Amino acid sequence: MTSVIRNIRAVIGEKIKLLYTPILLAVLDAFLNMLFYSVMILSIVTLIKNQFTESFFFRGIAVLAVVFIFRTLLARYSFASLQLNGSVIATDLRLRLAEHVRGLNSGYFNQNSVGKLTSYFSTDIADFEQVLTHHLTDFVKALFSVSVCMIAAVVIDFRFAGVMVVMILVALPLMIKGGSVGHTIAPEHRVRINAVISRVVEYINGIKTFRLYRLTGTKFERLDQSFNELKKSSIRVELSMMPYVMIFSTIVSFMIPVALIWGTNLLIQGNSTPEQYIAVLMLSVSTSSQLMTIGMLYPELKYLSKSADNLRQIFETQPLPYTKDAFIGADHEITFEHVSFSYENGVSVLNDLSFTVEDGKTTALVGPSGSGKSTVISLISRFWDVDNGEIRMGNEKLRDIRPDALTEEITCVFQDVYLFNDTILNNIRMAKPSATMEEVTQASRLANCHEFIMQMENGYDTLVGEGGSTLSGGEKQRVSIARALLKDAPVVLLDESTSSLDVDNEKEINHALDHLMAEKTVVVIAHRLDTIINADQIIVLDEGSVREKGTHQELCRQQGWYAQMIKEQEVAKTWVIGETSETKDILEDAR
Ligand SMILES: Nc1ncnc2c1ncn2[C@@H]1O[C@H](COP(=O)(O)OP(=O)(O)OP(=O)(O)O)[C@@H](O)[C@H]1O
C-alpha cells in the first residue's frame, strides 16, 4: 500500500493537498457510519433489557435522522469535492505530461510506440483518475471503519477481538497475494491495450491502403489478432485475481457465523452478557462488510498503481538539457563540427560531418535517399542531440540553448504538412498568437493562399479537418508557408516537396517560398535539383558525409555525383507513361 501512495505522491506532486479534504470527509463519513451502528446496538440492548421507552425511541429516531441527513449532505459534498479535485489533478497531470513529453529527445518517441504513448495520456491517466476519485477514499473509509470496529471489539469483548484478529491474519495473505498478482499481470495487460491502440491508429491512418489491398475488417489480421489477445488478457486478469478476492471474502464473511456461534456459547455458559453478545454480532457484521470492500479494492489499487508507475517513469525521463535560457548568438551562421550521429544501436547515420551554413545565405542539401539530409535538419532543430562533435548557431552550442529559445529562432516547412483540426485562421496564427488579422492576411497574401481562403464559404474561419484533410496538398503547403512567414524566424529549414505539383501550384508555392527565404539563413533539402541552382552553397551528402560542396556551376564543373544527377534529371523529365513510337514523334516535334 505504501508503494501505491508513494507512486500517487510522485506523480501528482504538490496537488496531493487537494486530496486531503476528500480523505478527511471519507473518515468523517466512516465515523458517522459507526455512530449509526452504535445507536442501533444501544437500541437493541435497551430493548433486550426491557428499558425501551417512548422517549428513548424518539431520541434514537432523532439521532438516526440527524446522522442520516448529515451523511447525505456529507456524501454530496464529498462526492463533489472528490470529482472536482480529481479532475483538477487529472487535467494538471495531462498538461504537465504533455509539456514534459514535448521537451524529450525524439529518441523517446522512436523507442515508444504510438499506442504506448496514447495509452499513457488516455488509459493511464483515466485509471489514475479512477483511483483518486473512487478507490482511494473508499479504501481509506473502509480501513478507518475496520480500525474503529477492532478497537470497539477490544473494549467490548477482548476474546472476540482476538478471534477477529486471527481471522484477519488468516485472510490477509490472500489479499496481499491478490494485489501482487494484479500488480504482476498489469504490465502484460497494458502491453495488449497499447497494441490495440497502435493497431487502431495504424488502421485508421492506413484505411485507404488497406481498402486498396482488401485488408479491411477481419482480413486485417494484425488488428483482429490484437483484439483477441486483449480479450484473452482481460479474462486472464479477472480470473487470476478473482480466486484470492473470493477466498478472502469468504473467510472474512465467516466472522458473522463465528460471532453467532461463539457468542451464543458464551452467553449460554454465562460468560457473556446479552449486551456484549449483541454488540459483538453487530461489530462482526460491520467488520466483515468493510473487510470485503478492502479485499476487493486492494488488488484493484495495486493493479491501477501500475498506471501511476508508468506516469512516474515518464516524468523521470530527463528532458533535453540546456545551460542558457535565451539564444544570444551574434548571428545565425550554423556550423557542423565533426558531427557523428546514430539513431539507435550504433548504426552510424552521420560520420564526422563538417560544414558551415553562412548567415543570411541559402545552403541546399542533396544526395541519395538515406544519405542523412533530413537527419541534418532534425539535428539543427535539436530533435536529437549529436553523439560526437558539435553543432553551433551564431557560435553558440546548440546543446546549451533552451530548446524553446532555439525554436523561436527557427521555422520549419516540411513536405508532410500537418494542419490541426481547427480554423485556417488558428492554424496560421499558432505561429504568432498575438498576430493581428492584418498580419495574418499579409502573410497569407505573400504565401499565395489568401485568395483561395477568401473563396471558401467561411473564409479564414473555415475548419480544415484533421491534418488539414479538406484542403489539397498545394493548399496545405501554402497555408503552412503563411504560418512560417508569420513566425518570421531568422533561420528557415525547408524540406522541399518530392512530388511534382501542377504547374500553377508549383509556381505559387515557389513564389511563396521566395518570400519566406528572403534574407534568411536557409537550409533546404532539395529533391529536384533545378530548384536550387541559385543556392549560395550546395552540399552533396553520401552515407552521412560530405561528398561534394560548392555552387551549381562549381559542382557541374567537377563532373561528380551532382553533375551526373543533373543529367539524369533532364532525361527523367522526358519520361512519358506508356510511350509509343507515335507519341515519341509527337514529343520530339514538340521539343
Ligand atoms: N527516426 C529514425 N529512427 C531510426 N533510423 C532513422 C530514423 N530516421 C531516419 N533513419 C535512418 O537514417 C538514415 C538517414 O535518413 P534520412 O531521413 O536522414 O535520409 P534522407 O537523406 O533525408 O533520405 P530521403 O531523401 O529518402 O528523405 C536512413 O538510413 C534512415 O533509415
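Treat the numbers as computed from the prediction; the structure is a model and nothing was measured. (Residues numbered from 1 in each chain as written. Predicted model: local features only at pLDDT ≥ 70, side-chain atom pairs only at ≥ 80, totals over all residues. Heavy atoms only, no water.)

Caption draft 1: Structural detail: the overall build of the chain. When you go through the chain residue by residue, the secondary structure sums to 20 helices and ten strands. Taken over C-alpha atoms, the radius of gyration comes to 35 Å for the chain, far larger than the 25 Å a tight globule of 591 residues would show. Seen through its C-alpha atoms, the chain measures out along the principal axes to roughly 120 × 50 × 50 Å. The buried share among the 591 residues of the chain stands at 45%. Taking the contacts inside the chain whose residues are at least 6 apart along the sequence as the reference set, 77% of them involve residues at least 24 apart. (Helix = DSSP H or I, 4+ residues; strand = E, 2+ residues; numbered from the N terminus. Rg over C-alpha atoms; globule rule 2.2 N^0.38 Å. Buried < 20%, exposed > 50% of the residue type's maximum accessible area, 1.4 Å probe, protein only. Contact = heavy atoms within 4.5 Å.)

Caption draft 2: Spatial organisation of the sheet that holds strand S5 (residues 396-397). Ordered in space as S2-S1-S4-S5, the four strands form an open sheet in which the pairing is antiparallel. Every interior strand has two partners, whereas the edge strands, strand S2 (348-357) and S5, have only one. Alignment of strand S1 (residues 334-342) against strand S4 (residues 388-393), held across five bridges, turns out to be antiparallel. Among the inter-strand pairings, Ser340 is bridged to a residue of S4, identified as Asn388. Helix H11 (residues 373-380) contacts S1, S2 and S4 of the sheet and is inclined by roughly 115° relative to S1. (Pairing = 2+ DSSP bridges. Axes fitted to C-alpha atoms, helices over the stretch in contact; angles between N-to-C directions.)

Caption draft 3: Highlighting unusual backbone geometry. Even without a glycine there, the phi angle at His338 is positive, about 45°. Considering the arrangement of structural elements, one finds His338 in strand S1. Located in the positive-phi region is Asn448, a residue other than glycine, with phi close to 55°. Considering the arrangement of structural elements, one finds Asn448 in the loop between helix H14 (437-446) and helix H15 (450-455).

Caption draft 4: Just helix H6 (residues 158-205), in detail. The end-to-end C-alpha distance of H6 is 67 Å, a good match for the 70 Å that 48 residues give at a rise of 1.5 Å each. The sharpest bend along H6 reaches about 35° and sits at Ala186, with the proline Pro187 one to four residues further on. (Expected span 1.5 Å × (residues − 1). Bend = angle between axes of the 7 residues up to and from the residue.)

Caption draft 5: Looking closely at the pattern of salt bridges. Using the criterion set out here, one finds 23 salt bridges in the structure. The salt bridge partner of Arg312 is Glu316, with a shortest N-O separation of 3.1 Å. Of this pair, Arg312 and Glu316 both sit in helix H10 (residues 274-316), four residues apart, roughly one helical turn. Judged by relative accessible area, which is 22%, Arg312 ranks as partly exposed. For Glu316, a relative accessible area of 48% gives the class partly exposed. Taking the shortest distance from any N to any O, the salt bridge between Glu439 and Lys432 comes out at 2.6 Å. A network of salt bridges, in which partner residues are shared, links Glu99, Arg102, Asp325, Arg402 and Asp404. (Salt bridge = Lys/Arg side-chain N within 4 Å of Asp/Glu carboxyl O.)

Caption draft 6: The domain arrangement of the chain, seen in detail. Under the domain assignment, the chain is made up of domain 1 (2-316) and domain 2 (334-586). Placing the centre of domain 1 and that of domain 2 at their C-alpha centroids yields a distance of 54 Å. (Domains from an automatic or database assignment.)

Caption draft 7: Quick peek at the side chain of Asp400. Among the secondary structure elements, Asp400 is positioned in the loop between S5 and helix H12 (403-409). Of the side chains with opposite charge, Lys324 lies nearest to the buried Asp400, which makes no salt bridge, at 4.5 Å. (Lys, Arg positive; Asp, Glu negative; His and termini not counted.)

Caption draft 8: Region of the structure containing helix H8 (residues 221-253). In this model H8 runs 47 Å from its N-terminal to its C-terminal C-alpha over 33 residues, within 8% of the 48 Å that 1.5 Å per residue would give. The sharpest bend along H8 measures roughly 35° and falls at Met242, with the proline Pro243 sitting one to four residues further on. For H8, the full list of buried residues reads Leu223, Ser226, Leu230, Ser233, Val237, Met241, Val245, Phe248, Ser249, Ile251 and Val252. Packed against the buried residues of H8 are H6, helix H9 (255-268) and H10.

Caption draft 9: Representation of the packing of helix H2 (residues 20-48) against H10 in the model. The geometry of H2 relative to H10 is characterised by a closest axis approach of 9 Å and an angle of 150° between their N-to-C directions. Taken together, the axes of H2 and H10 are roughly antiparallel relative to one another. The handedness of the crossing between H2 and H10 is right-handed. Between H2, through Asn33, Met34, Tyr37, Met40, Ile41, Ile44, Val45 and Ile48, and H10, the contact on the second element is made entirely by Pro274, Glu275, Ile278, Ala279, Met282, Val285, Ser286 and Gln290. Of the residues contributing to the contact of H2 with H10, the split by class is twelve nonpolar, three polar and one charged. (Parallel < 35°, antiparallel > 145°, perpendicular 65-115°, else oblique. Left-handed = near helix turned anticlockwise from the far one by under 90°. Nonpolar A, V, L, I, M, F, W, Y, C, P; charged D, E, K, R; others polar.)

Caption draft 10: The arrangement of the packing of aromatic side chains in detail. Following the criterion strictly, the structure yields seven aromatic pairs and no others. When the centroid spacing of 5.7 Å and the interplanar angle of 70° are considered together, the rings of Phe341 and Trp384 count as edge-to-face. With Phe341 in strand S1 and Trp384 in the loop between H11 and S4, this residue pair connects regions lying 43 residues apart in the sequence. Residue Phe341 shares its accessibility class with Trp384, and that shared class is buried. (Phe/Tyr/Trp six-rings, centres within 6.5 Å; stacked < 30°, edge-to-face > 60°.)

Caption draft 11: Seen up close, the UniProt feature "transmembrane region" (unreviewed entry) in the chain. As annotated by UniProt and renumbered to match this structure, "transmembrane region" (unreviewed entry) occupies residues 23-44, 56-74, 142-172 and 241-264. Segment residues 56-74 splits into 100% helix and 0% strand. End C-alpha atoms: 26 Å apart. (UniProt positions renumbered as here; feature names shortened; annotations may be inferred.)

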